[in-house]
Amino acid sequence: MALPLRPNKYAYRTIVLAGLAAVKLFRVPLIASGEEHLPDDQVVHGLDREVRPGRGAVVAVTHFGYLDFVFAQLVVWRRVRAHSRFLITRKHTGSALVTAVCRLCDHVVVDRANGAPAYAEAVAKLRRGEFLAVFPEGGVSRSWTVRTLRTGAARMAAETGAPIIPVSVWGGHRMLTRGRGRIRLRDVWRTPVRVHVGPPLSVAADEDVRAASARLRAALQDGIDRCIESYPVTPAPGAWWMPAHLGGGAITAEEQGKHDERERESYKRTG
């Protein structure tokens, strides 16, 4: 019988260093801004960040491509050496490899049909002082604009007092995203990725979480706008990876909303 895997900081560090090596190998320009907005009260010894109560944060990441988590984590790790604990939906942990990685990295697996246990686990990690990474849009946006957010990030911040750190990622969707097939070397090679870290947001215990989520959405979209403005590639007219309001070939935000409505019940069934 195989022994149960336990969280291991060295395994997580190895994965992060492998990500850094892959970025260099494929000559991916990872261009970050706003890193000074990451918490400056962290205690770091070499490659280790001490996890202390009161030092946690909710890292809210945009979700346009399947690799956005990689670039968000690399930027956070470069600055504060944090091993972010990601919330990952159950349907994405179908393989033994992904399950093993989740256990080694102490990620939180979310069942969309019953999210209460995962929420409680996430709050416990925040209270302990972990960085808890979430995709508040609840899925990949195909309009390349930030969708209406779910309230989980705001609720966790309000309950624990942890700040929300908005992290906007642009360019990763050119490598791998929904509806574009498998990843190809030519889509990764030298494809720039822009990441912007916005000022941290505080959510009061008595604040309306929908209003707080709207503030977070505005911050994330502002980060995306900054990334697009300074992105070092000029898109061709009608480029599929650009949003419709900027002349791109993506679906509109309104069309995205209709897709979301159709998929909501399916998510509950698939986890």
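For the structure, see preceding data.
Presented here is a report on the structure given in the accompanying data block. Only a predicted model underlies this, so the values are computations on that prediction, with no experimental measurement involved. In every chain, residue numbers begin from 1 and rise along the written sequence. With pLDDT at 70 or above as the cut-off, local features in this predicted model cover only qualifying residues; side-chain atom pairs require 80 or more to be listed or tallied, and sums for whole chains, interfaces and linings still use all residues. Hydrogens are left out, water is left out, and the side-chain values use all remaining heavy atoms of the structure.

Now for the overall build of the chain. The helix and strand labels rest on DSSP assignments: H or I over at least four residues marks a helix, E over at least two residues marks a strand, and numbering proceeds from the N terminus. On a plain count of helices and strands, the chain comes out with eight helices and nine strands. For the radius of gyration, the atoms used are the C-alpha atoms, and the globule rule reads 2.2 Å times the number of residues raised to 0.38. For a compact globule of 271 residues, the expected C-alpha radius of gyration is about 18 Å, and the chain comes in at 18 Å, within 12% of that figure. Counting only C-alpha atoms and orienting by the principal axes, one finds that the chain spans roughly 50 × 45 × 45 Å. Burial classification: accessible surface area is computed with a 1.4 Å probe over protein chains only, and a residue below 20% of its type maximum counts as buried, one above 50% as exposed, and the rest as partly exposed. For the chain, buried positions account for 47% of its 271 residues. Here a residue-residue contact requires only that any non-hydrogen atoms of the pair lie within 4.5 Å. Within the chain, contacts between residues at least 6 apart in sequence are counted, and of these 75% link residues at least 24 apart. To be clear on the numbers: accessible area is Shrake-Rupley with a 1.4 Å probe, and residue cover counts the displayed protein chains and nothing else. Total accessible area computed for the chain in this model is approximately 13,500 Å², and 56% of it derives from carbon and sulfur atoms. We score Asp and Glu as negative and Lys and Arg as positive, and we do not count His or the chain ends. Where a charge lies is defined by one atom per residue type: Lys uses NZ, Arg uses CZ, Asp uses CG and Glu uses CD. Put simply, the chain has 40 plus and 26 minus side-chain charges, and the middle of one group is 7 Å from the middle of the other.

The term salt bridge refers to a side-chain nitrogen of Lys or Arg lying within 4 Å of a carboxyl oxygen of Asp or Glu. Inspection of every chain in the model, using the stated rule, returns 15 salt bridges. Measuring nitrogen to oxygen at the nearest pair gives 2.8 Å for the salt bridge that ties D187 to R184. What makes D187 buried here is its relative accessible area of 17%. The salt bridge partner of D222 is R226, with a shortest N-O separation of 2.8 Å. Here D222 and its partner R226 are both found in helix 7 (residues 209-229), four residues apart, which amounts to about one turn of the helix.

This part covers the pairing of strand 5 (residues 85-89). When DSSP locates at least two bridges between a pair of strands, those strands are taken to pair. For strand 5 and strand 7 (residues 131-134), the ladder comprises two bridges, and the chain directions are parallel. Each residue of the ladder has a partner; that of F86, found in strand 7, is A133. A crossover gets the label right-handed when its path from the first strand over the helix to the second runs clockwise, viewed with the strands pointing away from the viewer. Handedness of the β-α-β unit built from strand 5, helix 3 (residues 96-104) and strand 6 (residues 108-110) comes out right-handed.

Hydrogen bonding along the main chain pairs the strands of a sheet, whether they run parallel or antiparallel. Spatial ordering of the open sheet is given by 1-9-8-4-7-5-6, a layout of seven strands whose pairing is mixed. What marks the edges here is a single partner per strand, and that holds for strand 1 (30-33) and strand 6. The sheet shows a mean angle of 25° between the axes of neighbouring strands, direction not considered. Pairing of strand 1 with strand 9 (residues 193-197), which is carried by four bridges, proceeds in the parallel orientation. Considered in strand 9, the bridge of A32 is made with V195. Against the sheet, helix 7 makes contact with strand 4 (57-61), strand 8 (164-170) and strand 9, and its axis sits at roughly 35° relative to strand 8, the strand it touches most. Helix axes are fitted to C-alpha atoms over the stretch in contact, other axes to C-alpha atoms as well, and angles between N-to-C directions run from 0 to 180 degrees.

The next thing to look at is helix 2 (residues 68-80). Expected helix span is given by 1.5 Å per residue-to-residue step, counting one fewer step than there are residues. With 13 residues, helix 2 extends 19 Å between its outermost C-alpha atoms, agreeing within 8% with the 18 Å of an ideal straight helix rising 1.5 Å per residue. The complete set of buried residues in helix 2 reads D68, F71, A72, Q73, L74, V75, V76, W77 and V80. Positive phi shows up at R81, right after helix 2, with a value of about 60°.

Looking at the secondary structure, you find S143 in the loop between strand 7 and helix 5 (152-160). You can call S143 buried: its relative accessible area is 2%. A polar contact of 3.2 Å, which involves the side chain of S143, links it to the side chain of S141. Between N or O atoms, a polar contact is any pair within 3.5 Å; within protein, one atom must be a potential hydrogen donor and the other a potential acceptor, and residues adjacent in sequence are included only when both atoms are from side chains.

Here the aromatic set is Phe, Tyr and Trp, taking the six-membered ring for Trp, and pairing holds for ring centres within 6.5 Å; pairs whose planes are under 30 degrees apart are stacked, those over 60 apart are edge-to-face, and all others are tilted. Overall, the coordinates contain seven aromatic pairs when judged by the stated rule. Measuring from ring centre to ring centre gives 6.1 Å for F64 and W170, while their planes differ by 85°; the resulting arrangement is edge-to-face. With F64 in the loop between strand 4 and helix 2 and W170 in strand 8, this pair connects stretches of sequence that are 106 residues apart. Residue classification places W170 among the buried positions, given a relative accessible area of 0%. Sitting over a ring, as applied to charges here, requires NZ of Lys or CZ of Arg to be within 6 Å of the ring centre and within 35 degrees of the ring normal. For R81, the ring lying beneath its charged end belongs to W77, and the centroid distance is 4.1 Å. The positively charged end of R174 is found above the aromatic ring belonging to W241, 4.4 Å away from the centroid.

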